[in-house]
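# Structure at a glance
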Number of protein chains: 2
Amino acid sequence: MSELRERPTHRPAASPRELGIGMRFSLHPHCDDFVAVILGALNDARATAEAGDLVVESDDVSTYVGATAVPAEERLVRYLAEVVVAAHRRSREGHVVAHVLLSRGCPGETTCDLALTGLPVVEPVRVPATGVECRAQWSLYPLLDGGPEGSRDHMAHIEAAIDAARLRGVASEPAHYATRLGGDVAEVLATVADAWTAVGAGVPHVVSHLTLSVGSPSVGEEAAR
Amino acid sequence: MSELRERPTHRPAASPRELGIGMRFSLHPHCDDFVAVILGALNDARATAEAGDLVVESDDVSTYVGATAVPAEERLVRYLAEVVVAAHRRSREGHVVAHVLLSRGCPGETTCDLALTGLPVVEPVRVPATGVECRAQWSLYPLLDGGPEGSRDHMAHIEAAIDAARLRGVASEPAHYATRLGGDVAEVLATVADAWTAVGAGVPHVVSHLTLSVGSPSVGEEAAR
């Protein structure tokens, strides 16, 4: 083997824009004045979005947030934690659910050409504790391209992510199609973001979905039992 | 090449249980009496779940529904359409969002061993029109295993699914990380289910996520412009 072949390739890491690092989230305050709660929460976190150079675009179903500067993932998660906690504080009974889709590696809907781009290795995100507990269900999708029948590559990534979340004390029991998470909103979001970036160091296109619930009366019922 | 090699393999198609065909959904009525709306809607559709031999298990974050009999996907979608419409009718202002995860090919959290099982070819689902319009955002994830760098297999599946949804008149413009859908709740759910089963005829593990919104005041605002 030639020396040339064994030398690792050093390609410049792709920027957040080139990787299409961002998220979609929808916010569901379970109260009659949900419009005021949603708009209020987005407004409460606007300064954080601006300071983080995040692109925020809301439509009739969800809100897109695109990152333009590093550390991209930390900026996204800090903003999201602020929005969720603001909605929780503003809503009448405090029950708010957020659905979150984190995506990297596929900037457009139908283009996904990152084969020649270096994938960044990302430090774990640092997110200040919020003091607000949540329950969540989490899924992680490494979008590999087809290989030999019977290999289990995509599940190996998922299993490693679940193991890491268990070590942090955030993942509890498995559920069908998802892993149950619990803890401070900041720690749950950080766990999900770190798993997403860890897979993203080796796989260009990685998506993660999270359903995060705060202030649920179901949890109160369990505690009262 | 020997005749033997060219002959297609005929393996018995996996059952819904073996494939782990099912879904998780969460229901978000945006009103103060959300608990009554959610429990009422689940109760309204209970007879359909029982008649369809569906396994329904709710927890504090979402509801799991597992299929045990064919046509598995049609049973799931008919039940879900009924739940969503019931919640819409029961909620005060009618604004309800459902978040849906459809999954096939990975029965457990960390087991995904279907290499030796035949994948079923599924007929398009038939779902009666509900008369309730919705807006939705949809993502489809073919979970292939790793192959040669630079191949674009997983995106080819996604592009074909979006083309099919456009032909049905259900998909509108693309958005970051999702495709926007609109139409009768039944037709939107059928489009998503048919895309999921079409990919599932060739890829064992396929997941699809959908955020479906009915009765949104944002839509009323747009219409009034």
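Bear in mind that the values here come from a model prediction, so they are computed numbers and not experimental data.

## Considering the overall build of chain A
The secondary structure content of chain A amounts to eight helices and eight strands. Looking at chain A residue by residue over its 225 residues, the buried ones come to 55%. In chain A, once contacts between residues fewer than 6 apart in sequence are set aside, the share between residues at least 24 apart is 77%. With the model as given, the accessible surface of chain A reaches about 9700 Å², and the carbon-plus-sulfur share is 53%.

## Looking at the side chain of H99(A)
With respect to the helices and strands, H99(A) occurs in strand 4 (residues 96-104). Classification of H99(A) by relative accessible area gives buried; the value is 3%. In terms of polar contacts, H99(A) uses its side chain to reach the side chain of T211(A), at 3.1 Å. Side-chain polar atoms of H99(A) contact the side chain of S26(B), separated by 3.3 Å. Beyond its immediate chain neighbours, meaning those up to four positions away, H99(A) contacts R24(A), F25(A), S26(A), H28(A), L210(A), T211(A), S26(B), H28(B) and H99(B).

## Quick word on the pattern of salt bridges
Summed over all chains, the structure comprises 27 salt bridges over all chains. Of the charged contacts in the structure, one is a salt bridge between E74(A) and R126(A), with a shortest N-O distance of 3.0 Å. Of this pair, E74(A) sits in helix 5 (residues 72-90) while R126(A) sits in the loop between strand 4 and strand 5 (133-142), placing them 52 residues apart in sequence. You can call E74(A) buried: its relative accessible area is 9%. Here R135(A) ties to D60(B) by a salt bridge, and the two come within 2.9 Å at their closest N and O atoms. Of this pair, R135(A) sits in strand 5 while D60(B) sits in the loop between strand 2 (55-58) and strand 3 (63-66), on two different chains. Judged by relative accessible area, R135(A) falls into the partly exposed class, the value being 25%. The structure contains a network of salt bridges with shared partners spanning R135(A), E173(A), R180(A), R24(B), D59(B) and D60(B).

## Some thoughts on the environment of A178(A)
One can find A178(A) in strand 7 (residues 178-184). Along the backbone, A178(A) and H209(A) are 31 residues apart, and their C-alpha atoms lie at a distance of 9.2 Å.

## Overview of helix 6 (residues 153-167) of chain B
Note on helix geometry: an α-helix contains 3.6 residues per turn, so any two residues three or four positions apart are oriented the same way. All names here are of chain B. Here helix 6 spans 22 Å end to end across 15 residues, near enough to the 21 Å set by a 1.5 Å rise per residue. Residues of helix 6 that are buried: H154, M155, I158, A161, I162 and A165. Down the axis of helix 6, the buried set is contained in an arc of 120 degrees. They therefore lie on one face. The inward-facing, buried residues of helix 6 contact strand 5 (133-142), strand 6 (171-175), strand 7 (178-184) and helix 7 (185-200). Where helix 6 ends, the next residue or the one after it, G169, has phi of about 80 degrees, a positive value.

## A short note on the packing of aromatic side chains
This model, assessed by the stated rule, comprises five aromatic pairs over all chains. Ring geometry for F25(A) and Y79(A): centres 6.3 Å apart, planes at 65 degrees, overall edge-to-face. Of the two residues, F25(A) is situated in strand 1 (residues 22-29) and Y79(A) in helix 5; the sequence distance between them amounts to 54 residues. An angle of 55 degrees between the planes, with centres 5.8 Å apart, marks the rings of Y177(A) and Y64(B) as tilted. Residue Y177(A) is located in the loop between strand 6 (171-175) and strand 7, and its partner Y64(B) is located in strand 3; the two belong to separate chains. Here Y177(A) and Y64(B) have matching classes, each one buried. The aromatic ring of W196(B) is capped on one face by R104(B), whose charged end is 4.8 Å from the ring centroid.

## Quick notes on the sheet that holds strand 2 of chain B
All names here are of chain B. Reading across the sheet, the eight strands line up as 2-3-1-4-8-5-7-6 and stay open at both edges, with antiparallel pairing between neighbours. Every other strand in the sheet has two partners, leaving strand 2 and strand 6 as the edge strands with one partner each. When strand polarity is set aside, the average angle formed by the axes of neighbouring strands in this sheet is 20 degrees. In this sheet, strand 7 lies alongside strand 6 in antiparallel orientation, the contact comprising three bridges.

## Brief notes about the environment of A98(B)
All names here are of chain B. In this structure, A98 sits in strand 4 (residues 96-104). Residues A98 and S213 lie 115 residues apart in sequence; the distance between their C-alpha atoms is 6.5 Å. Apart from the residues lying within four places of it in its own chain, the contact partners of A98 are S26, L27, V84, L210, T211 and L212.

## A closer look at the packing of helix 3 (residues 34-44) of chain A against helix 5 of chain A
All names here are of chain A. Viewed as axis vectors pointing N to C, helix 3 and helix 5 meet at an angle of 140 degrees, and their least axial separation amounts to 8 Å. Here helix 3 lies oblique to helix 5, going by the angle between them. When the axes of helix 3 and helix 5 are compared, the crossing they make is right-handed. Residues A36, V37, G40, A41, L42 and D44 of helix 3 form the contact with helix 5, whose participating residues are Y79, E82, V83, A86, A87 and R90. Considering only residue class, the contact of helix 3 with helix 5 consists of eight nonpolar, one polar and three charged.

## Regarding the confidence of the model for chain A
All names here are of chain A. Averaged over chain A, the pLDDT score is 88; the fraction of residues at 70 or greater is 85%. Counting contacts from residues 1-8, a segment whose pLDDT is below 50, to residues more than four positions away or on other chains yields one contact. We note a pTM of 0.92 for the whole complex and an ipTM of 0.91 for its interfaces.

## Some details on the sheet that holds strand 1 of chain A
Residues and elements named next belong to chain A. With respect to topology, eight strands assemble into an open sheet ordered 2-3-1-4-8-5-7-6, the strand pairing being antiparallel. If you trace the sheet from one side to the other, it starts and ends with strand 2 (55-58) and strand 6, each paired once. Ignoring which end each strand starts from, the neighbouring axes of this sheet average 20 degrees apart. Against the sheet, helix 7 (residues 185-200) engages strand 1, strand 4, strand 5, strand 7 and strand 8 (206-214), with an angle of about 170 degrees to strand 8.

## Some remarks on the packing of helix 5 (residues 72-90) of chain B against helix 7 of chain B
Residues and elements named next belong to chain B. At their nearest, the axes of helix 5 and helix 7 sit 10 Å apart, and the two run at 150 degrees to each other. Relative to helix 7, the element helix 5 lies roughly antiparallel. Crossing hand, helix 5 versus helix 7: right-handed. Contact with helix 5, carried on its side by E73, L76, V77, L80, A81 and V84, involves V185, L189, A190, A193, W196 and T197 of helix 7 and no other residues of that element. Across the contact of helix 5 with helix 7, the residue classes break down as ten nonpolar, one polar and one charged.

Reading the values: the criteria
Residues numbered from 1 in each chain as written. Chains lettered and ligands numbered in written order. Predicted model: local features only at pLDDT ≥ 70, side-chain atom pairs only at ≥ 80, totals over all residues. Heavy atoms only, no water. Helix = DSSP H or I, 4+ residues; strand = E, 2+ residues; numbered from the N terminus. Buried < 20%, exposed > 50% of the residue type's maximum accessible area, 1.4 Å probe, protein only. Contact = heavy atoms within 4.5 Å. Areas by Shrake-Rupley, 256 points an atom, 1.4 Å probe, with all protein chains shown as cover. Polar contact = N/O pair within 3.5 Å; in protein donor to acceptor, adjacent residues only side chain to side chain. Salt bridge = Lys/Arg side-chain N within 4 Å of Asp/Glu carboxyl O. Expected span 1.5 Å × (residues − 1). Arc of directions from axis to C-beta. Phe/Tyr/Trp six-rings, centres within 6.5 Å; stacked < 30°, edge-to-face > 60°. Lys NZ or Arg CZ within 6 Å of the ring centre and 35° of its normal. Pairing = 2+ DSSP bridges. Axes fitted to C-alpha atoms, helices over the stretch in contact; angles between N-to-C directions. Parallel < 35°, antiparallel > 145°, perpendicular 65-115°, else oblique. Left-handed = near helix turned anticlockwise from the far one by under 90°. Nonpolar A, V, L, I, M, F, W, Y, C, P; charged D, E, K, R; others polar. pLDDT = per-residue confidence, 0-100.

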